[in-house]
Protein chains: 2
Amino acid sequence: MKVVASLVLAASLSAVAFPAAAQFAKAEDAVKYRQSTMFVMSQHFGRLGAMANGRVAFDAKAAAENAAIVETLSKLPWAAFGPGTDMEGNTKALPAVWKDNAKFKEASEKMMGEIAKLNTAAKAGTLDALKAQFGNAGGTCKGCHDNFRAK
Amino acid sequence: MKVVASLVLAASLSAVAFPAAAQFAKAEDAVKYRQSTMFVMSQHFGRLGAMANGRVAFDAKAAAENAAIVETLSKLPWAAFGPGTDMEGNTKALPAVWKDNAKFKEASEKMMGEIAKLNTAAKAGTLDALKAQFGNAGGTCKGCHDNFRAK
């Protein structure tokens, strides 16, 4: 019972200290989570870019697989930018993420929308379709990084 | 043309230095990629565990969403354990991953199979179905970590 009581107490304390990101045990985990999801997404996005830009041969199956993974990952980072996760030194996220949160949210939604279109384009199975949407999707990455991420 | 020639040369050199994991620009990226996918997976798996173990209330929608993400991620790390990525100091992966690769591959396939079943179970929408499969899935994580990952 003592152990259970301690765990309940610990859970309550951590809920007080870190209220809005209860999905993560601690702020460091939220930072690591969003960095991890962004890194994995960038790897698969880069593989699409290599095809779109002609650095590697177009492969319809690989394009569809990578785009599906990118779309799944595009939805994940945002829940990890909760209050209390603006941890200087551990993150390149600028204070604007929290100070101008409505604009950040808008940018994230724009990105998810363009990535969803990229997934649809990749499923079409042609290099032209991929190329037609790749730049739009990449533009939303850059737009958000320019405004909300330290160089 | 000079730039193109340099890029082609750079691509050939990196292919020589790092042949079997051509999807990654360098071995460090492969290590970071597999650690990132494992970390993201562990966060979502942990949320299923919290429900299965009664630490948080069962939520059928959240369970289905988390299990789908876990299944997607369960397929990703393996391509990043290529030759030349056994980088001491950067990874907890034991030499057995490469020395006993057939067994490692078997363990990874067992894990993916049990995670797929977990996703099916989560979609059933009941706590009992989730609980019935959660332990089997977790057992395959542990089994592989015991044999192939430093403590």
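Residues numbered from 1 in each chain as written. Chains lettered and ligands numbered in written order. Predicted model: local features only at pLDDT ≥ 70, side-chain atom pairs only at ≥ 80, totals over all residues. Heavy atoms only, no water.

Engineer: Explain the relation of the copies chain A and chain B here, please?
Structural biologist: Both copies of the chain are related by one operation, a rotation about an axis with a shift along it. It takes a turn of 180 degrees to lay chain A on chain B, together with a shift of 0.0 Å along the axis; the resulting RMSD is 0.0 Å. Such values leave the two copies arranged in the relation of a two-fold axis. Taking C-alpha positions as the reference, the residue of chain A nearest the rotation axis is Ser36 of chain A, at 2.3 Å. Counting the interface residues of chain A, we find that 100% of their copies in chain B are interface residues as well, pointing to one common contact surface. (Least-squares fit on C-alpha atoms with pLDDT ≥ 70 in both. Contact = heavy atoms within 4.5 Å.)

Engineer: What should I look at first to understand the packing of aromatic side chains in this one?
Structural biologist: The description of an aromatic ring pair rests on the distance of the ring centres and on the angle between the ring planes. Under the definition given, this model contains 14 aromatic pairs over all chains. When the centroid spacing of 6.3 Å and the interplanar angle of 50 degrees are considered together, the rings of Phe81 of chain B and Trp98 of chain B count as tilted. Highlighted residues: Phe81 of chain B in the loop between α3 (60-74) and α4 (96-99) and Trp98 of chain B in helix α4, separated in sequence by 17 residues. This pair shows no difference in class: Phe81 of chain B is buried, exactly as Trp98 of chain B is. Put simply, the rings of Trp78, Phe81, Trp98, Phe104 and Phe148 of chain A pair up and form one aromatic cluster. (Phe/Tyr/Trp six-rings, centres within 6.5 Å; stacked < 30°, edge-to-face > 60°. Helix = DSSP H or I, 4+ residues; strand = E, 2+ residues; numbered from the N terminus. Buried < 20%, exposed > 50% of the residue type's maximum accessible area, 1.4 Å probe, protein only.)

Engineer: Quick question: what am I supposed to make of the nonpolar core here?
Structural biologist: Soluble globular proteins tend to pack their nonpolar side chains together in the buried interior. Formed by 67 residues in total, the largest nonpolar core has its most connected members in Leu48 and Leu118 of chain A together with Leu48 and Leu118 of chain B. Not counting residues up to four positions away in its chain, the partners in contact with Leu118 of chain B are Phe45, Leu48, Ala67, Leu130, Gln133, Phe134 and Ala137 of chain B. (Core = buried A, V, L, I, M, F, W, Y, C linked by side-chain atoms within 4.5 Å.)

Engineer: Sorry, what's going on with the environment of Ala93 of chain A here?
Structural biologist: Residues and elements named next belong to chain A. Among the secondary structure elements, Ala93 is positioned in the loop between α3 (60-74) and α4 (96-99). Take Ala93: its relative accessible area is 19%, and that puts it in the buried class. Along the chain, Ala93 and Gln35 lie 58 residues apart, while their C-alpha atoms are 9.9 Å from each other. Contacts of Ala93, omitting those with residues within four sequence positions, involve Arg34, Phe81, Trp98 and Phe148.

Engineer: Which parts of the structure should I look at to understand the interface of chain A and chain B?
Structural biologist: Frequently, the measure chosen for interface size is the accessible area that the parts lose on association. Facing 15 residues of chain A, the contacting portion of chain B comprises 15 residues. Regarding the contact of chain A and chain B, the summed buried area is about 1500 Å², with carbon and sulfur atoms giving 68% of it. By the criterion of area lost to chain B, the three top residues of chain A are Tyr33, Phe39 and Arg47 of chain A, representing 34% of everything that side buries. Viewed at the interface, chain B and chain A are joined by 0 salt bridges. Put simply, chain A and chain B have 2 residue pairs in polar contact (both at pLDDT 80 or more) between them. Put simply, the parts of the chain that give the side of chain A that touches chain B at least two residues each are α2 (27-52) and α3 of chain A. It is α2 of chain A that provides the largest number of residues to the side of chain A that touches chain B, a total of 10 residues. A class-by-class count of the residues in the side of chain A that touches chain B yields 6 nonpolar, 6 polar and 3 charged. (Buried area = accessible area lost by both parts, 1.4 Å probe. Salt bridge = Lys/Arg side-chain N within 4 Å of Asp/Glu carboxyl O. Polar contact = N/O pair within 3.5 Å; in protein donor to acceptor, adjacent residues only side chain to side chain. Nonpolar A, V, L, I, M, F, W, Y, C, P; charged D, E, K, R; others polar.)

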